[in-house]
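Results of the structural survey
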Amino acid sequence: MKNIKPLHDRIMVERVEQEERTKGGLFLPESAQEKPIIGVVIAVGNGALLEDGKLRPLYVKEGDKVLFAKWGGTEVKLDGKDYLIMKESDVLAIIS
Amino acid sequence: MKNIKPLHDRIMVERVEQEERTKGGLFLPESAQEKPIIGVVIAVGNGALLEDGKLRPLYVKEGDKVLFAKWGGTEVKLDGKDYLIMKESDVLAIIS
Amino acid sequence: MKNIKPLHDRIMVERVEQEERTKGGLFLPESAQEKPIIGVVIAVGNGALLEDGKLRPLYVKEGDKVLFAKWGGTEVKLDGKDYLIMKESDVLAIIS
Amino acid sequence: MKNIKPLHDRIMVERVEQEERTKGGLFLPESAQEKPIIGVVIAVGNGALLEDGKLRPLYVKEGDKVLFAKWGGTEVKLDGKDYLIMKESDVLAIIS
Amino acid sequence: MKNIKPLHDRIMVERVEQEERTKGGLFLPESAQEKPIIGVVIAVGNGALLEDGKLRPLYVKEGDKVLFAKWGGTEVKLDGKDYLIMKESDVLAIIS
Amino acid sequence: MKNIKPLHDRIMVERVEQEERTKGGLFLPESAQEKPIIGVVIAVGNGALLEDGKLRPLYVKEGDKVLFAKWGGTEVKLDGKDYLIMKESDVLAIIS
Amino acid sequence: MKNIKPLHDRIMVERVEQEERTKGGLFLPESAQEKPIIGVVIAVGNGALLEDGKLRPLYVKEGDKVLFAKWGGTEVKLDGKDYLIMKESDVLAIIS
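These numbers were taken from a predicted model, which means no experiment stands behind them.

Calculation rules
- Residues numbered from 1 in each chain as written.
- Chains lettered and ligands numbered in written order.
- Predicted model: local features only at pLDDT ≥ 70, side-chain atom pairs only at ≥ 80, totals over all residues.
- Heavy atoms only, no water.
- Helix = DSSP H or I, 4+ residues; strand = E, 2+ residues; numbered from the N terminus.
- Buried < 20%, exposed > 50% of the residue type's maximum accessible area, 1.4 Å probe, protein only.
- Contact = heavy atoms within 4.5 Å.
- Least-squares fit on C-alpha atoms with pLDDT ≥ 70 in both.
- Buried area = accessible area lost by both parts, 1.4 Å probe.
- Salt bridge = Lys/Arg side-chain N within 4 Å of Asp/Glu carboxyl O.
- Pairing = 2+ DSSP bridges.
- Polar contact = N/O pair within 3.5 Å; in protein donor to acceptor, adjacent residues only side chain to side chain.
- Nonpolar A, V, L, I, M, F, W, Y, C, P; charged D, E, K, R; others polar.
- Lys, Arg positive; Asp, Glu negative; His and termini not counted.
- 1 Å grid on protein atoms, 1.4 Å probe; cavity = no way out; pocket = protein on both sides within 12 Å on 5 of 7 lines; lining within 4 Å.
- Points joined across faces, edges and corners; volume = space filled by probe spheres on them.
- pLDDT = per-residue confidence, 0-100.
- Patch = residues over 30% accessible without salt bridge, like charges linked within 9 Å, V, L, I, M, F, W, Y side chains within 5 Å.
- Areas by Shrake-Rupley, 256 points an atom, 1.4 Å probe, with all protein chains shown as cover.
- Charge placed at Lys NZ, Arg CZ, Asp CG, Glu CD.

The secondary structure content of chain A amounts to one helix and 10 strands. Listing each helix as α and each strand as β along chain A from the N terminus yields β-β-α-β-β-β-β-β-β-β-β. Within chain A, the proportion of its 96 residues that are buried is 54%. Across chain A, every contact between residues at least 6 apart in sequence was considered, and the portion connecting residues at least 24 apart equals 66%.

Rotating chain D by 52 degrees about the axis while translating it 0.0 Å along that axis superimposes it on chain C, leaving an RMSD of 0.0 Å. In this assembly the copies use different faces: only 5% of the residues contributing to the interface of chain D also contribute to that of chain C.

Right, let's talk about the interface of chain A and chain B for a bit. Residue-level contacts link 21 residues of chain A with 22 residues of chain B. Both faces combined, the contact of chain A with chain B buries some 1,900 Å², and carbon together with sulfur accounts for 59% of it. The largest contributions to the chain A side of the interface with chain B come from Leu 7, Thr 74 and Lys 77 of chain A, which together make up 28% of the buried area. Summed over the shared surface of chain A and chain B, the result is zero salt bridges. Within the residue set of the side of chain A that touches chain B, elements represented by two or more residues are strand 1 (4–6) and strand 8 (74–78) of chain A. Broken down by element, the side of chain A that touches chain B gets its largest block of residues, five residues, from strand 8 of chain A. Here strand 1 of chain A pairs with strand 10 (residues 91–95) of chain B via three bridges, running antiparallel. Residue pairing in the sheet places Pro 6 of chain A in a bridge with Ala 93 of chain B of strand 10 of chain B.

Now for the interface of chain D and chain C. Counting residues at the interface gives 22 residues for chain D, matched by 21 residues for chain C. Taken together, the connections running from chain D to chain C amount to zero salt bridges. Applying the counting criterion to the chain D and chain C interface returns five residue pairs in polar contact (both at pLDDT 80 or more). For the side of chain D that touches chain C, the secondary-structure elements that each account for two or more residues are strand 3 (26–27) and strand 10 (91–95) of chain D. At five residues, the largest contribution of residues to the side of chain D that touches chain C is made by strand 10 of chain D. Residues of the side of chain D that touches chain C, tallied by class, amount to 15 nonpolar, three polar and four charged.

On to the relation of the copies chain A and chain B. Once chain A has been moved 0.0 Å along the axis and rotated by 51 degrees, it coincides with chain B to within an RMSD of 0.0 Å. The share of interface residues of chain A whose copies in chain B are also at the interface is only 5%, consistent with the copies meeting through different surfaces.

A separate point is the side chain of Asp 64 of chain F. Residue and element names in this part refer to chain F. Assignment of secondary structure puts Asp 64 in the loop between strand 6 (55–56) and strand 7 (65–69). Of the side chains with opposite charge, Lys 61 lies nearest to the buried Asp 64, which makes no salt bridge, at 6.9 Å. A distance of 2.9 Å separates the side chain of Asp 64 from the backbone nitrogen of Lys 61, its partner in a polar contact. Those residues in contact with Asp 64 that sit more than four places away from it in its chain are Gly 39, Val 40, Val 41, Tyr 59 and Ile 94.

Attention now moves to empty space enclosed by the protein. Residues and elements named next belong to chain B. Taken as a whole and judged by the stated rule, the model has one cavity of 30 Å³ or more. Put simply, the largest cavity is a space of about 30 Å³. Lining the largest cavity we find Val 13, Arg 15, Glu 75, Asp 82, Tyr 83 and Leu 84. Of all the secondary-structure elements, those providing two or more residues to the lining of the largest cavity are strand 2 (10–15) and strand 9 (81–87). Top contributing element to the lining of the largest cavity by residue count: strand 9, with three residues.

Residue and element names in this part refer to chain B. Of the two faces of strand 8 (residues 74–78), only one is covered, namely that formed by Thr 74, Val 76 and Leu 78; the face formed by Glu 75 and Lys 77 stays uncovered. Bridge count between strand 8 and strand 9: five bridges; the pairing is antiparallel. Bridge pairing in strand 9 links Val 76 to Tyr 83. A loop of two residues connects strand 8 with strand 9, the two strands running antiparallel in sequence, and Asp 79 in this loop sits at a positive phi of about 50 degrees.

So, on to the confidence of the model for chain A. All names here are of chain A. Per-chain confidence: chain A averages 84 in pLDDT, with 78% of residues scoring 70 or above. Confidence, read as mean pLDDT per element, is least for helix 1 (residues 18–23) in chain A (51) and greatest for strand 5 (residues 48–49) (98). With pLDDT under 50 throughout, residues 30–34 is counted as low confidence; its partners more than four residues away or in other chains account for five contacts. Two numbers describe this predicted complex: its pTM, 0.85, and its ipTM, 0.85.

Moving on, we come to the environment of Val 40 of chain E. Residues and elements named next belong to chain E. Mapped onto the elements of the fold, Val 40 is located in strand 4 (residues 36–44). Put simply, Val 40 and Tyr 83 are 43 residues apart on the chain and 9.7 Å apart in space, counted from C-alpha to C-alpha. Sequence-distant contacts of Val 40, defined by excluding residues within four places in its chain, comprise Met 12, Val 13, Glu 14, Val 16, Gly 63, Asp 64 and Lys 65.

On to a negative patch on the surface, then. Residues Glu 51 of chain A, Glu 51 of chain B, Glu 51 of chain C, Glu 51 of chain D, Glu 51 of chain E, Glu 51 of chain F together with Glu 51 and Asp 52 of chain G make up a contiguous surface patch of negative charge. For Glu 51 of chain B, the position within the fold is in the loop between strand 5 (48–49) and strand 6 (55–56). On the accessibility criterion, Glu 51 of chain B (36% relative accessible area) is partly exposed.

Along the chain, the position of Ile 37 of chain D falls in strand 4 (residues 36–44). Ile 37 of chain D sits 51 residues away from Glu 88 of chain D along the chain, and the two C-alpha atoms are 14 Å apart.

Opposite charge on two side chains allows them to pair when their charged atoms are near. Counted under the stated rule, the structure contains 27 salt bridges over all chains. The residue Lys 54 of chain B makes a salt bridge to Asp 52 of chain B at a minimum N-O spacing of 4.0 Å. Where Arg 15 of chain C meets Glu 75 of chain C, a salt bridge forms, and the shortest distance between an N and an O atom there is 3.2 Å. Separated by 60 residues along the polypeptide, Arg 15 of chain C in strand 2 (residues 10–15) and Glu 75 of chain C in strand 8 (residues 74–78) bring together distant segments of the chain. Here Arg 15 of chain C falls in the partly exposed class, since its relative accessible area comes to 33%.

Moving on: the pairing of strand 4 of chain E. Residues and elements named next belong to chain E. Judged by how many residues are buried, strand 4 sits mostly within the fold: eight of nine residues are covered. In this structure, strand 2 (residues 10–15) lies alongside strand 4, joined through five bridges in antiparallel fashion. Across the sheet, Ile 11 pairs through a bridge with Val 44, a residue of strand 4. Relative to strand 7 (residues 65–69), strand 4 runs antiparallel, the two being bridged by five bridges. Directly across from Ile 38, in strand 7, lies its bridge partner Leu 67.

Printed below as a string of structure tokens:
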């Protein structure tokens, strides 16, 4: 996904399908009020802005498999695929 | 657009029409609660104000094609064209 | 307007009439939820207060033609004319 | 008003009557949602507290004629006169 | 009141009765939406916490007669007397 | 209470019974909207986190008799006794 | 739980069952509005982000038995077990 660059502390994520997820052993409860979702990081921003105007490089890297809360991010569709643009701080955990 | 200069961390954006957008392969879902919009940056502010009063030059540049959330910015009409003035932080990603 | 000095980061603005505005080519949509307004800066404050107590001189200068959101500022009437006192950060852009 | 000292960034203001105001040429619209009021500063606080615990002397001085928003301040009555105690930041402008 | 020490930027205040207040010439209007109250400072905290963890000594001293907004503070009754524990910033002015 | 360590700026408090309180002369009014409560500090946290990541040792010490607002803290029951875990800043005053 | 790494100041916690809890002597009241819960820390984040972009290592360690408020954290299910991902600041106390 070379043609889209998230701004500052934002990342672009492609959701992993439900089937794939259950195979990997990770299952997310239907009843949970804040249902987390798994995805793969497609692109990361240029860095989080600090108070003095400097940039902190993001911790999350392209290719990372991440767990994030459902309400995080804005949906975009590119070439027929769904993506999410969210802030790095919306990521709950990195799965390896 | 030499005759309008956004203040500080604001940028002025011209929306890209829907037809043009779909050709480029990027399609934004109708159903999305927070529908992002694509535009071209027409003018950028003099810099974001830091806590010590200094200015951080904006990362977004004139001519950048940007993706931003629908609710961002204030509409203005100039010589019959619609523009949006928003904060740089309302930009989700830069498309290249 | 020598006899009124806005405090700190405030500026005093005189609205430009609708007729004058349309001649200049800039037209603001009636339907816009946040209708911006054009005005001329009549007086500026002594500077914005920084966290360490120092003052940052304002960027907006006396005589600047500015675009600002409708809800910004407090109305005052002086010698029969309407003015607005607003914060510099309520200014969206400077028109030249 | 030597016997009352506002605390920190607060000031004590005596409202100027409506008659006096209209003579000076400054008239405040009845219809304005946020009706500003004119007053004279009777006493000022010992300084605004900065984050490091130091004090910034107030910019507004005893005797200044100030314009302030109606909702600002707390009313007190002393020896039959009405006063307002407000924060310096509630002052919109100084009139000279 | 040696046996009670307010914490950090809090002070302990004993209200002055209405009769006593009117004698001193200061009368607080019944109709005022935010009725200020007069009291005497009985005890002060060890200092206001600054961001770096240091303490700023309070400006208000034991014995000061203070004016404060009605909603400020928490009531306590000790040996049959009513006291208020409030933050120093709830004090509007010191009366001397 | 060696087996429970509050985190950072939290403290663990055991409420003092009403009977015991009235004997000591301190009586808290039933009608007070924000009824303060007395307790004894059983355990204190490792320190309050400052912005630079350092720890400020708590001012409140194990064994202190403290006055705190009713809404402060979370209740826990341990070996049949009720305790409260609250932030140090929920403490109004230390009684000695 | 080597294959999941909480981000920044987040930790991953496995709840301790009710039976086990009552044996240990710690009982949490049903009626409490904010019912705390006990759990064991399974994984901790890479550190809390400070304002200057540096990381503060977490105080809570893998294996710690922690007490936390019920509303804290997001539920995830992994290989049939329930976990919670929460911020370190949601931890009320460490039990040893």
